[in-house]
Structure formats: structure tokens, C-alpha cells
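Structural features, examined
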Amino acid sequence: MEFGVLGPVVAWEQEPADLTVTPVDLRGPRHRAVLARLIVARGRVVPAQVLVDDLWIDPPAGALSAVRTFVAALRRAIEPERAPREPARLLVTSGPGYALKTTNVDAWHFETAVRASGPSGGSAVRAPGSRDGSVGSMVPPEERLAELLAGLGLWRGPAYAEFVDEPWALAERARLTELRLHAVEQIAETRLELGLAAEAVPDLDAHVTEHPWREDAWRLLALALYRSERQGDALAVLRRARETLVGQLGVDPGPALTRLETDILNQAAHLTPGGSVWAETTAAYDRAVGGTRARIESTVGLLRNLAVTGGGGLEAARRHRLAAIAAAEELGDPDLTARVIGAYDVPAIWTRSDDEAQAAAIVAAAERALPTQDHASIRARLLATIALESRGSRSPRAREAALEAEQLARGLDDPALLAFTLNGVFMQTCYRAGLAPQRDAIGAELVTLSQRHNLFTYEVLGHLIRLQSACARADHTTADEHAAAADALAARHELPLVAVFTRWYAALRDDTPESYRAAAALLDDAGMPGLSAGLLPLALAAHAVRHGDPIPTADYGPHTPWVHGSPDPPPGLLLEAYWALTAHSTQDPELLARAQAALAPAADEHAAGSGLLTLGPIADSLR
């Protein structure tokens, strides 16, 4: 037996066929109201007095007895074959009230169908009680679509339509209605995932007409039209969405709609369907690859790709990378461990670690793996990893590892390996001031090598290195060219973190507090704490020094010692800036002399080799 509340009345559906319900049992509206009220409670006990208060504004004498009569009638209808003195199984008495103990409610079946559909791509339907949408299990899109359509098919009209004015039904009505709207949009998104864009259009068109405030519905409709080769109609829908939102709600379209309009005008490649290809390929791989070793090794490849997708991806890759190394070591397979460590060849531009403890653990694992390896390629990758993860280290071991890795790579015919080792060498060319020309040469080789062999992430790295070196020479024309080249590659290959560095370079060019603050907004979700910690206050302090203003009081994080004048800054792209700040701040003649001696090799440069901030000509600190 099924209790329907997704329609104009509370109705009984016969299940088995020979079950009959006496019409008089449910003829009265208060019988139906009691049933609906118990369904809203979702199996919880509803005290009899609460039922009285919900059924009558001004309860008459004998209202409690009437409720008992209604309950008795409902029991006869629900369990017609129950013996007179046999305890009820479905509508039970519990303490001072009653509870409906059944799962046969079509509203609940609808929720189950939506939950069972699971998350689709990046936009799951949120079932009640879920905060992040990650409910249910991942199912193939064909099955997901069938579940959603079956669930939506249970609707015969507005939920609890007979009780629209009842306060006890309002929250449940609203919850079910919102879930239904999510389901409609999820059906459309699943159809898009399956390449059924044209099938999604009619329902979405009706959906936005009925619910014009739902921006995601407008987005899906425009995308469905675009994928149906109706670009003009897609743009017209987006214009209609803007007019509707502004005219009816007084709000401008959100960033998702604005971005989609731009992408459609530019015919962006990512608008082309690909979700089903991804799902099918990963499912096939999961079926084919059963060995633990193969899974661990392939995981690193996924993490490497994940690291360049944005701040969230970078953080996730960093979090899981060490776990993959540990898993490989636990298997006792030194060759596998070495490959897992060396396979993470993600280009790195900043010379302070985002997680020093993790970096030290990776270096230690690489050092343990090295003695087991005679293969030149694997040794070079392990050594390059040591050089990269030892960024900011004063130990000569890091630089020795970088140079040995480069030497090995140059003897092999492996452009990607050479690029990786050059990245390690770059990271270790910050041990003294005045090495911007050497870094520029590394950047130039990376650009040439990458263009020849389609290593676009290393091509971006090369342009950013050359941008930094041009800033050290105050050659902003050249720096502008490399910034533009890096931005163009980032747009073509979807590398969002590149903008962090090019926007900070633009702030350096503008050199105003406002421009630095605007650039700092990009750091919030960049996933690079080694870069972001204290960077904005440091840039503002450098600006103050250049303009003869007092250094502001602020939390400078890891930069604090050198803002206030301390010796021996760590190697890195801020080395010259640290020494210049020390020279500016110190009142100690001996420390000033040390700072000037350290800066002397860069006498012809600017303290701007980071490409992010500047303290002007280093010669000013040598006077």
C-alpha cells in the first residue's frame, strides 16, 4: 500500500489488487489531515494534543476523542485484515501520541530516487539533510537519469496541495518543492552529460518560465541550446535571463551566467561535451587495472594533473602525494617508490615551500630511494625532486642534487625530464644575490625546449622565470611580453594559477597600495600558503620604503625578521628584497656592511627579482 502526498489529495493506492478501502473511512477532510500530519512527521511520534491543535483553530469539547476516532478509522483502512485486538503495525500508539511506521509514501520514494541518483559531475542534487550534495553513490549517467525520471514521475501535482494553508505542512511543502526543482535541473544536467542536449531543452524552457529566479536553470538551458548547435538561441536565452532577473528581482546575473555568455561568444572548447567520455574512460580503467602497484603509480599521474587545475586541486594533490609515497614504501618495492616520487614533475615557480614538514618527508623518502637506483632517468628524477622540495634550504646538498640531476638529464633523450631538472636548478639559483641572469638563461632554455616538444606547463614556467629576471633588470617591456605569453598559454590550457603571478606583476608595474590589495585577492583560493603568507604586508612595506614612508605595523608572517632588519635571509626570490630591507632598517653599521656586501653582486639590478614587488635599484642600498 502506498500513501500519496505528491498530488491534490492524500490518496490510497491499492497494493495488492484485492485490497479495498471503505470510502467512508477517508471521506472526511480531518481523516486525511491526520494522515498527512503523521506523514509529515516522518515516522516520529505526534502527540494527540498536537493533532488536536493542528486540526482545529478552536478545538471543540471532545476533540481528543475525535482524534482517536479518526486514528481508528485510518487503522481499519491501512490494515483491513488485522484482527480486532491485534496490535497495529503501521499506525501505532506510542506514549501520548501516534506514529506512522511505513516507508510506502510516494514523497519518500521520490527522495530515495533523487538520493540514489548520486552526485553528477560537479553538481549533485542535494537531498534533505545534505550540506555538500555528496549523497548517494556514483552511478552511471544512464541509470541516474532513469532513477530521476522515475522519482519525478511520482509527482501528480503540488505536494500536500489540500493543506496549503496549514502551518504544519509549510516546511515540508517547501522542502519537497525545492528538491523537485533540483531534480528537474539534475535531469537536464545528466542529459547534457549523456549528449542528449536537444532532449533537455523543452523541459528546461518550461522550467525557467515557471521559476525565473533559478539562475542554474537558465545556465543549463543556454548550454543545452549551444550544444544543440543553436548558438543564437543560447545567447538570446542569456539576454532573456538578464532581463528577467533585473526586471523581476532587481538583481544582475551571477558570475556563472556572465561567464557562460563570454564562453559561448568565444566558442570556448570546454563547452563541448566530455563528461561521458571521462566517466566511461575512468570506469574502464578502474575495471582493467586491478593491481595495487599500478593504482599507486597511476595515482601520481592524476595528482600531477590535479595540481595545475587551481588552488583546490593543488591543495588536494599536495595532501595525497605523501600518502601515495608512503603506500609505495609500505609495499617494500624500492623501484615503485622511486617512480612514485619522481613522477610528480609539477612545475614550481615560488621558492618557499607550502608545507615544510611534508617537503622534508618527501626529501627523506627520495634520499632513501636513491641508493637503490642505477637507472639514470629515475636517479635524475629523484635528485630533481630533492632540489625542488629543498627550496629555501641553506644546505649545499640541494644545489648538488640539482646540478647532478641536470647532468644526468642532458645525457638522455628525454625533454620532459630535462625540463623537470632545469626546474630544480632554477630553484637552487637563489643562494646569493645577482643570479637573475642565470635564472633568465634557464627560463629561455625552458621556453625553447617546451615549444619544441609541446611541454606547455614548462613553457609557462619559462616565461614566468624570464618575467622575474626582467623585473630584476627593470626591463618592464620584456617582462610585459612574458606576462602576456604566460597568460595566453594559461587561457589556452586552463591553468588558473598563472594569473596569480601575472596579476602580481601588474601590481608591481602599477606600484600602488590599491593594486597590491587587488592582486592579493587572488591569493585567497590559490592553495599556496608559502607564497601568500605575509605577502601583501611585505609589498606594502616595500612601497612605503620606496616612497619614504614609515614601514606599517602589520603581521608580516615569515617575512617579519627581515622587515625589521635581520641578518642572513634564506635563499629565495626575495633574497635581494630582504637584504635591501635590512639595509634600510638597521642602525647597526656592521649589519649594514654585511647587507651591502651581500647585495654588491646585484649592484646593477633592482630588488624586484620576485616579479611580485620591488624595493627599487639595489644601488640605492649600497650608498
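Up top is the structure these notes are about.
Please read all numbers here as calculations on a predicted model, not as lab measurements. (Residues numbered from 1 in each chain as written. Predicted model: local features only at pLDDT ≥ 70, side-chain atom pairs only at ≥ 80, totals over all residues. Heavy atoms only, no water.)

Turning our attention to the sheet that holds strand E4 (residues 91-94). Across a sheet, paired strands are connected by hydrogen bonds in the backbone, their directions being either parallel or antiparallel. Ordered in space as E3-E5-E4, the 3 strands form an open sheet in which the pairing is antiparallel. Where the open sheet ends on each side, the last strands, each with one partner, are strand E3 (46-47) and E4. Two elements, E3 and strand E5 (residues 97-100), share 2 bridges in a ladder whose sense is antiparallel. Considered in E5, the bridge of Val46 is made with Tyr98. The strands that helix H3 (residues 63-78) touches are E4 and E5; relative to E4, the one it contacts most, it runs at about 140 degrees. (Pairing = 2+ DSSP bridges. Helix = DSSP H or I, 4+ residues; strand = E, 2+ residues; numbered from the N terminus. Contact = heavy atoms within 4.5 Å. Axes fitted to C-alpha atoms, helices over the stretch in contact; angles between N-to-C directions.)

As a further point, take the nonpolar core. Counting residues in hydrophobic clusters, the biggest one holds 107 residues, and the most contacted among them are Trp504, Leu531, Leu613 and Leu615. Filtering out sequence-adjacent residues up to four positions away, Leu613 remains in contact with Leu508, Tyr516, Leu535, Leu538, Ala539, Ala542, Leu574, Ala577, Ala607 and Ala608. In terms of nonpolar packing, the next biggest core, distinct from the first, is built from 39 residues, Ala36, Ile39, Val71 and Leu90 among them. (Core = buried A, V, L, I, M, F, W, Y, C linked by side-chain atoms within 4.5 Å. Buried < 20%, exposed > 50% of the residue type's maximum accessible area, 1.4 Å probe, protein only.)

With that settled, consider the layout of surface pockets. Of the voids in this model, the second largest pocket is the one considered here, and its volume is about 380 Å³. Lining the second largest pocket are 25 residues, with Thr351, Glu356, Arg391, Gly392 and Ser393 positioned closest to its centre. Looking at which element gives the most residues to the lining of the second largest pocket, the answer is helix H15 (residues 356-369), with 4 residues. By residue class, the composition of the lining of the second largest pocket is 12 nonpolar, 8 polar and 5 charged. (1 Å grid on protein atoms, 1.4 Å probe; cavity = no way out; pocket = protein on both sides within 12 Å on 5 of 7 lines; lining within 4 Å. Points joined across faces, edges and corners; volume = space filled by probe spheres on them. Nonpolar A, V, L, I, M, F, W, Y, C, P; charged D, E, K, R; others polar.)

A separate point is the environment of Leu615. In this fold, Leu615 is placed in the segment after helix H28 (589-599). Separated by 69 residues in the primary sequence, Leu615 and Arg546 have C-alpha atoms spaced 6.0 Å apart.

We note that Asp511 has phi near 55 degrees; this positive angle belongs to a residue other than glycine. Within the secondary structure, Asp511 sits in the loop between helix H22 (498-510) and helix H23 (513-520). Classification of Asp511 by relative accessible area gives buried; the value is 11%. The backbone of Asp568 sits at a positive phi, close to 55 degrees, despite the residue not being glycine. Turning to its location among the elements, Asp568 is positioned in the loop between helix H26 (560-563) and helix H27 (575-585). Looking at Asp568, the relative accessible area reads 38%, which means it is partly exposed.

This brings us to the packing of aromatic side chains. For the structure shown, the criterion picks out 2 aromatic pairs. Between the aromatic rings of Trp504 and Tyr516, the centroid separation amounts to 5.9 Å while the plane-to-plane angle is 35 degrees, which identifies the pairing as tilted. Placement of the pair is Trp504 in helix H22 and Tyr516 in helix H23, with a sequence separation of 12 residues. Of the two residues, Trp504 and Tyr516, neither departs from the other in class, the shared state being buried. Taking 4.9 Å as the distance between ring centres and 25 degrees as the angle between the ring planes, the aromatic pair formed by Trp562 and Tyr578 counts as stacked. Of this pair, Trp562 sits in helix H26 while Tyr578 sits in helix H27, and the two are 16 residues apart along the sequence. One exposure class covers both Trp562 and Tyr578, and it is buried. (Phe/Tyr/Trp six-rings, centres within 6.5 Å; stacked < 30°, edge-to-face > 60°.)

Any functional reading would require information beyond the geometric quantities listed.
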